Amino acid sequence: MPVLVGFVPTTEGRAALRRAVEECRVRGTRLIVVSSEQPSVDPFGNRRPAPVAPEAEVRRVCAELGLDGGELEIRWIRDAYEPADDILSVAEETGAQLIVIGLRRRTGVGKRILGGSAQRILLDSSCPVLAVKVDQRSPLDDSGHDGEVFTLSMSSVDEHQGIR
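A brief look at the structure comes next. (Residues numbered from 1 in each chain as written. Predicted model: local features only at pLDDT ≥ 70, side-chain atom pairs only at ≥ 80, totals over all residues. Heavy atoms only, no water.)

Glancing now at the overall build of the protein. Per the secondary structure count, the protein includes 5 helices and 10 strands. Within the span of the protein, comprising 164 residues, buried residues form 38% of the whole. Considering only contacts in the protein between residues 6 or more positions apart, those separated by 24 or more positions represent 67%. Accessible area of the protein: about 9500 Å², with a carbon and sulfur share of 51%. (Helix = DSSP H or I, 4+ residues; strand = E, 2+ residues; numbered from the N terminus. Buried < 20%, exposed > 50% of the residue type's maximum accessible area, 1.4 Å probe, protein only. Contact = heavy atoms within 4.5 Å. Areas by Shrake-Rupley, 256 points an atom, 1.4 Å probe, with all protein chains shown as cover.)

So this is what it looks like as structure tokens:
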């Protein structure tokens, strides 16, 4: 059963990717990277295509951390409606044993208006979810790696005990 990571080309997405690779190495399993990108809308209501996530960056980071190409599957989902649905769907389809996501700080209003993909994944996943957060106070080091990563939560569902 693979580890699945939701990836976006941001500091939080890169931290989640690095942690997911570590989890794969510990668990001795393969990694599925899911990048579900929504199109943007300009001020006039016109849809712009979703940006292209840098596949080369994902492959480079995985290789640097010792995950070879045979242990890696990348799924780019363009013009997605809801990233949480895409991540949960791929996790269910592949029988993922763990989902890793990056979290960013958002205001209460931002959470209400834009929804909460991370919250949906945490609450609706049938497998454990590992959420990582980057310490924004730590500057980029010379290697280009972003700050220190903190594990915020890991949830799992047990049909007899509920969420742990």
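We now examine the side chain of T94. Summarising the element assignment, T94 is placed in helix α3 (residues 83-94). In terms of polar contacts, T94 uses its side chain to reach the backbone carbonyl oxygen of V90, at 2.8 Å. Not counting residues within four places of it along the chain, the set of residues in contact with T94 comprises P2, I32 and R75. (Polar contact = N/O pair within 3.5 Å; in protein donor to acceptor, adjacent residues only side chain to side chain.)

The description of two packed helices rests on the angle between their axes and on the distance between the axes. Where helix α1 (residues 11-27) contacts helix α2 (residues 55-64), the axes come no closer than 10 Å and their chain directions differ by 40°. What the angle tells us is that α1 and α2 run oblique. Crossing handedness for the pair α1 and α2: right-handed. Counting all contacts with α1, which are made through R14, L17, R18 and V21, the residues of α2 involved are E57, V58, V61 and C62. Its residues placed into classes, the contact of α1 with α2 shows 5 nonpolar, no polar and 3 charged. (Axes fitted to C-alpha atoms, helices over the stretch in contact; angles between N-to-C directions. Parallel < 35°, antiparallel > 145°, perpendicular 65-115°, else oblique. Left-handed = near helix turned anticlockwise from the far one by under 90°. Nonpolar A, V, L, I, M, F, W, Y, C, P; charged D, E, K, R; others polar.)

Look at α1: 24 Å from first C-alpha to last across 17 residues, which is about the 24 Å you get at 1.5 Å a residue. Those residues of α1 that sit buried are E12, G13, A15, A16, L17, R18, A20, V21, E23 and C24. At the exit of α1 stands G28, carrying a positive phi of roughly 65°. (Expected span 1.5 Å × (residues − 1).)

A separate point is the pattern of salt bridges. Going through the model one piece at a time under the given rule, you end up with 11 salt bridges. Put simply, R120 and D85 hold a salt bridge, and the shortest N to O gap is 2.6 Å. Here R120 is found in helix α5 (residues 117-124), whereas its partner D85 is found in helix α3, with 35 residues between them in sequence. We classify D85 as partly exposed; its relative accessible area is 35%. Connected through salt bridges with shared partners, the residues R19, E22, E23 and R27 form a single ionic network. (Salt bridge = Lys/Arg side-chain N within 4 Å of Asp/Glu carboxyl O.)

By themselves, these observations are geometric and do not establish any function.
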